[in-house]
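Below are the chains, spelled out letter by letter.
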Amino acid sequence: MESWLFLAAILLVAIFGKNQSLIIATGVVLVLKLLPFSNRVFPIINAKGINWGVTIISIAILIPIATGQIGFKDLLSAFKSPVGFIAVGCGILVAVLSAKGVGLLSQSPEITVALVFGTIMGVVFLKGIAAGPVIASGITYTILTVFNLLPGK
């Protein structure tokens, strides 16, 4: 019963914050929860969902290349300005932090609750995008490493 209330609260916050992505995501989870086979589907989505999401985001990022909107000329021009170098560096940083974050989430799943809560608050109240949990877990991993607070050590 607690999970239903928690999801309903998230749905209400999403509706209040007018966040369509979170409304859809919560609605899908609630509908899946109603299905008799949800106990078999949830572990699969839990284990593979982030990878599926990253794949979909990667597809969306590659579409401008496929349509010819972005080409080698654009790639080369990105390296001709400080903005381009900073963007490449940030892309590398986010990829590394995300990898560390996914490892942290699998090692310490209890951190997920705080990250999800923080992501929901950022999405609803600060008009953020829910791509944050993996990146947030990477930043969390980095901070925990700096202060030698990694769980299990």
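Before reading on, note that the structure itself is shown above.
Conventions used here
- Residues numbered from 1 in each chain as written.
- Predicted model: local features only at pLDDT ≥ 70, side-chain atom pairs only at ≥ 80, totals over all residues.
- Heavy atoms only, no water.
- Helix = DSSP H or I, 4+ residues; strand = E, 2+ residues; numbered from the N terminus.
- Expected span 1.5 Å × (residues − 1).
- Bend = angle between axes of the 7 residues up to and from the residue.
- Axes fitted to C-alpha atoms, helices over the stretch in contact; angles between N-to-C directions.
- Parallel < 35°, antiparallel > 145°, perpendicular 65-115°, else oblique.
- Left-handed = near helix turned anticlockwise from the far one by under 90°.
- Contact = heavy atoms within 4.5 Å.
- Nonpolar A, V, L, I, M, F, W, Y, C, P; charged D, E, K, R; others polar.
- Buried < 20%, exposed > 50% of the residue type's maximum accessible area, 1.4 Å probe, protein only.
- Patch = residues over 30% accessible without salt bridge, like charges linked within 9 Å, V, L, I, M, F, W, Y side chains within 5 Å.
- Areas by Shrake-Rupley, 256 points an atom, 1.4 Å probe, with all protein chains shown as cover.
- Salt bridge = Lys/Arg side-chain N within 4 Å of Asp/Glu carboxyl O.

Chemist: Just checking my understanding: could you explain helix α3 (residues 38–66) for this structure?
Modeler: Residue pairs spaced three or four apart in an α-helix point in one direction, given the helix's 3.6 residues per turn. Helix length check: α3, at 29 residues, gives a terminal C-alpha distance of 37 Å against a target of 42 Å (1.5 Å per residue), a shortfall beyond 12%. Along α3, the largest kink reaches about 55 degrees and is centred on Lys-48. A positive phi of about 85 degrees marks Gly-68, the residue just after α3.

Chemist: Please explain the packing of helix α2 (residues 20–34) against α3 as it appears in this structure.
Modeler: Helix-helix packing is described using two parameters, namely the angle between the two axes and the distance between the axes. The interhelical angle for the contact between α2 and α3, taken along N-to-C directions, is 140 degrees, at an axis separation of 8 Å. As summarised for this structure, α2 and α3 are arranged oblique, according to the angle between their axes. Taken as a pair, α2 and α3 cross one another with a handedness that is left-handed. Contacts between α2 and α3 involve Val-29, Leu-32 and Lys-33 on the former and, on the latter, Ser-38, Phe-42 and Ile-45. A per-class count over the contact of α2 with α3 returns four nonpolar, one polar and one charged.

Chemist: It is not clear to me how helix α6 (residues 111–126) should be interpreted in this structure. Could you clarify?
Modeler: When the terminal C-alpha atoms of α6 are compared, their 21 Å separation across 16 residues agrees well with the 22 Å that a helix rising 1.5 Å per residue should span. Along α6, the residues that are buried comprise Ile-111, Leu-115, Thr-119, Ile-120, Val-123 and Val-124.

Chemist: Got a minute to help me understand a nonpolar patch on the surface in this structure?
Modeler: Residues Phe-72, Leu-75, Phe-79, Phe-85, Val-88, Ile-92 and Val-96 make up a contiguous nonpolar surface patch of roughly 700 Å² in combined accessible area. Put simply, the parts of the chain that give the nonpolar patch at least two residues each are α4 (72–78) and α5 (82–107). No other element matches α5, which puts four residues into the nonpolar patch. Following the sequence through the fold, Leu-75 ends up in helix α4. With relative accessibility at 46%, the residue Leu-75 sits in the partly exposed group.

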